[in-house]
Amino acid sequence: MAAPMLRWGCRGRRWAFARVDGGSCHRRGAPTGSTSNQIRGESSVAQQPLHTAQKTRKGEHKWAAVVGLEIHAQISSNSKLFSGSQVRFSAPPNSLVSFFDASLPGTLPAGYQITQQRLPIAVNGSLIYGVCAGKKQSQVIPKTVRIKQIQLEQDSGKSLHDNLRSQTLIDLNRAGVGLLEVVLEPDMSCGEEAATAVRELQLILQALGTSQANMAEGQLRVDANISVHHPGEPLGVRTEVKNLNSIRFLAKAIDYEIQRQINELENGGEILNETRSFHHKLGCTMSMRDKEGKQDYRFMPEPNLPPLVLYDATSLPAGADPQQVINIDQIRETLPELPSVTREKLVQQYGMLLEHSFTLLNEVGLLEFFQNVIKETRAEPKKVTSWVLNTFLGYLKQQNLAVSESPVTPSALAELLDLLDSRTISSSAAKQVFEELWKREGKTPGQIVSEKQLELMQDQGALEQLCHSVMEAHPQVVMDVKNRNPRAINKLIGLVRKATQSRADPVMIKEILEKKLSL
């Protein structure tokens, strides 16, 4: 069994951080780091809302919703927190379990969960995130949610319910895996805010390498605490929706639970202090167990684990071995670029709108796709941004595909944009080529253009003759142009393009028509 990891015993300091966005601002606090054994019950999150969303009630009253979150992120590690057992997703049940993990006789009495309760790693922080608003979601509104604390703890085993045999099986592969628990204060008021805050935290954890935070593999799980009340009145009874493992399901579960509680209260019912789960197929929350009358968590100090102590440059003991202590200042200097900084660079470097930078980061794999297209094309960044966010992302969402599942590669899109940029094809032809690329037939944009004869007409003389023929065939439209009808010239351009099967450059057509009509 591996030696315990938390064994820094020198006097140091606890750290309270001011914010988590472009960087972390630390200030010194009290000594930190003791671990405790958590036996049973429920965790408590103070409900003191900063922001609430209001909903019209029957009559003149309004409702305010309050949402707090407890987020568990699996720490990136090859082994568990206090044993040498491997950490691997989808391994056969109970195949990655040591004697210590299973709490078998002859080992330490590990029939409990080890966590940091009295002195967590960090307290009193904040997370800044942005919510898109407006009719076209074109405005980013900055929001802040307070972070109550961040702490280390062990994951627990997983229950597998077999309804056919009416039995419950236990898989201990997850037992003892290191978790980072982030407790967000109840400063949110709807599913969208909670989902956006969690996504921002997920991006930060991934950028830091703290956690892969893959929700589909259970590496990031969220418990949502939800209540409703009338503004100016005491907060309502809260419910907890457990183990939400999808950003989309998180938003849906919270919004459903808010509306369920409002409906229940308006119809004369009461809200129970209970734990609920979200049924994603039915789109509703369901009661799991009642919390009324149950004891809160009971903690006792873990005698085998001395405090985890953090230092900065001013508190570091003289002559301390850098490999044996945790120096916050040293870690700060090596932090990678955080999402907020990446967004700022995208706006400055490519001249894109702030909301577009949010979309590029929020969609998994989309930023990398965009950057690869930029590297391989001569097209302007704004044109690349438009194609990636509108055409490419639109096709993905229409077919419910991830970026990694796209049939169109960055190289193919880059080649297509080069054809468009060189005026080899028109915009409408480019969209036709993209549609062909999506069919997964293995053809390049150049091959598609050649096979379907989508090249723009380059013969100036032939195009002038065609414009002349169209003008002769539509004298009334020509007369409207000469009478200064602003729409008439566009109609003529459309008629010429139709005659060329959209292979003529509309700019060149307009120049020829204006010359012939002496405009």
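Look a little higher up for the structure.
A few points on the structure. These figures come from a predicted structure and were not determined experimentally.

Turning our attention to the overall build of the protein. Check the secondary structure of the protein and you find 15 helices and 18 strands. Once local pairs closer than 6 in sequence are excluded, the contacts in the protein between residues at least 24 apart make up 68%. Here the protein has roughly 27300 Å² of accessible surface; of this, 50% comes from carbon and sulfur atoms.

All right, on to helix α13 (residues 475-482) then. Buried within α13 we find Val477, Val478 and Val481. Viewed end-on, α13 has its buried residues packed into an arc of 100 degrees, placing them on one side of the element. Turned more than 90 degrees from where α13 packs its buried face, Pro475, Gln476 and Lys482 sit exposed. At its buried positions, α13 is contacted by α12 (460-473) and α14 (488-499). Positive phi appears at arginine 484, one or two residues downstream of α13, with a value of about 70 degrees.

Scanning all chains against the criterion turns up 18 salt bridges. A salt bridge links glutamate 193 to lysine 143; the shortest N-O distance between them is 3.2 Å. Taken together, the residues glutamate 193 in helix α2 (residues 191-208) and lysine 143 in strand β8 (residues 139-154) connect sequence positions 50 residues apart. Here arginine 174 makes a salt bridge to aspartate 155, at a shortest N to O gap of 3.3 Å. With a gap of 19 residues between them, arginine 174 in the loop between β10 (167-171) and β11 (178-188) and aspartate 155 in the loop between β8 and β9 (158-162) connect regions that are remote in the sequence. A relative accessible area of 25% means that arginine 174 is categorised as partly exposed. One connected set of salt bridges, linked through shared partners, spans Glu257, Arg260, Glu274 and Arg276.

What follows deals with the packing of helix α5 (residues 339-350) against helix α7 (residues 366-376). Running from N to C, α5 and α7 point in directions that differ by 30 degrees, and their axes come no closer than 14 Å. Comparing the axis directions of α5 and α7 gives the class roughly parallel. Helix-helix and strand crossings are classified by hand; for α5 and α7 the assignment is left-handed. Of α7, the residues touching α5 (which contributes Thr342, Leu346 and Tyr350) are Leu367, Phe370 and Ile374. The residue inventory of the contact of α5 with α7, partitioned by class, reads 5 nonpolar, 1 polar and no charged.

Moving on to the packing of aromatic side chains. Under the counting rule described, the total for this entry stands at 8 aromatic pairs. Look at tyrosine 350 and phenylalanine 370: their rings are 5.5 Å apart centre to centre, the planes differ by 85 degrees, and that puts the pair in the edge-to-face class. Here phenylalanine 370 lies in helix α7 and tyrosine 350 lies in helix α5, a separation of 20 residues in the sequence. For tyrosine 350, a relative accessible area of 14% corresponds to the buried category. Aromatic pair phenylalanine 392 and tryptophan 438: ring centres 6.3 Å apart, planes at 70 degrees, arrangement edge-to-face. On the criterion of sequence distance, the pair formed by phenylalanine 392 in helix α8 (residues 381-398) and tryptophan 438 in the loop between α10 (427-437) and α11 (445-451) is long-range, its members being 46 residues apart. Given a relative accessible area of 0%, phenylalanine 392 falls into the buried group. The class for tryptophan 438 is buried, based on a relative accessible area of 8%.

A word on the packing of α7 against α8. As a packed pair, α7 and α8 sit with axes 10 Å apart at the nearest point and diverge in direction by 135 degrees. With respect to each other, α7 and α8 are oriented oblique. Judged by the twist between their axes, the crossing of α7 over α8 is right-handed. Two secondary-structure elements touch here, α7 through Leu366, Phe369, Phe370, Val373 and Ile374 and α8 through Pro381, Val384, Thr385, Val388, Leu389, Phe392 and Leu393. Residue classes in the contact of α7 with α8 are distributed as 11 nonpolar, 1 polar and no charged.

What follows covers the side chain of arginine 221. Its place among the elements puts arginine 221 in strand β12 (residues 220-229). Overall, the relative accessible area of 10% leaves arginine 221 in the buried class. Engagement of the side chain of arginine 221 in a polar contact is seen with the side chain of aspartate 155, the distance being 3.0 Å. Look past the residues within four positions of arginine 221 in its chain and what remains in contact with it is Glu70, Ile71, His72, Asp155, Arg174, Leu179, Asn243 and Leu244.

Turning next to the nonpolar core. If you look at the biggest cluster of nonpolar residues, it comprises 42 residues, and the most contacted ones within it are Leu69, Ile71, Met188, Leu250 and Ile254. Mapped onto this core, the elements with two or more residues apiece are β5 (62-74), β7 (122-133), β8, β11, α2, β12, β13 (239-244) and α3 (247-266). Core analysis: the second largest hydrophobic core is formed by 39 residues, Leu360, Leu396, Leu437 and Val449 among them.

What follows is about the environment of serine 518. Here serine 518 is to be found in the segment after α15 (506-516). Considering only alpha carbons, one finds serine 518 and lysine 482, 36 residues apart in sequence, at a separation of 9.0 Å.

What counts and what doesn't
Residues numbered from 1 in each chain as written. Predicted model: local features only at pLDDT ≥ 70, side-chain atom pairs only at ≥ 80, totals over all residues. Heavy atoms only, no water. Helix = DSSP H or I, 4+ residues; strand = E, 2+ residues; numbered from the N terminus. Contact = heavy atoms within 4.5 Å. Areas by Shrake-Rupley, 256 points an atom, 1.4 Å probe, with all protein chains shown as cover. Buried < 20%, exposed > 50% of the residue type's maximum accessible area, 1.4 Å probe, protein only. Arc of directions from axis to C-beta. Salt bridge = Lys/Arg side-chain N within 4 Å of Asp/Glu carboxyl O. Axes fitted to C-alpha atoms, helices over the stretch in contact; angles between N-to-C directions. Parallel < 35°, antiparallel > 145°, perpendicular 65-115°, else oblique. Left-handed = near helix turned anticlockwise from the far one by under 90°. Nonpolar A, V, L, I, M, F, W, Y, C, P; charged D, E, K, R; others polar. Phe/Tyr/Trp six-rings, centres within 6.5 Å; stacked < 30°, edge-to-face > 60°. Polar contact = N/O pair within 3.5 Å; in protein donor to acceptor, adjacent residues only side chain to side chain. Core = buried A, V, L, I, M, F, W, Y, C linked by side-chain atoms within 4.5 Å.

Everything listed here is a matter of coordinates, which is why it stays silent on function.
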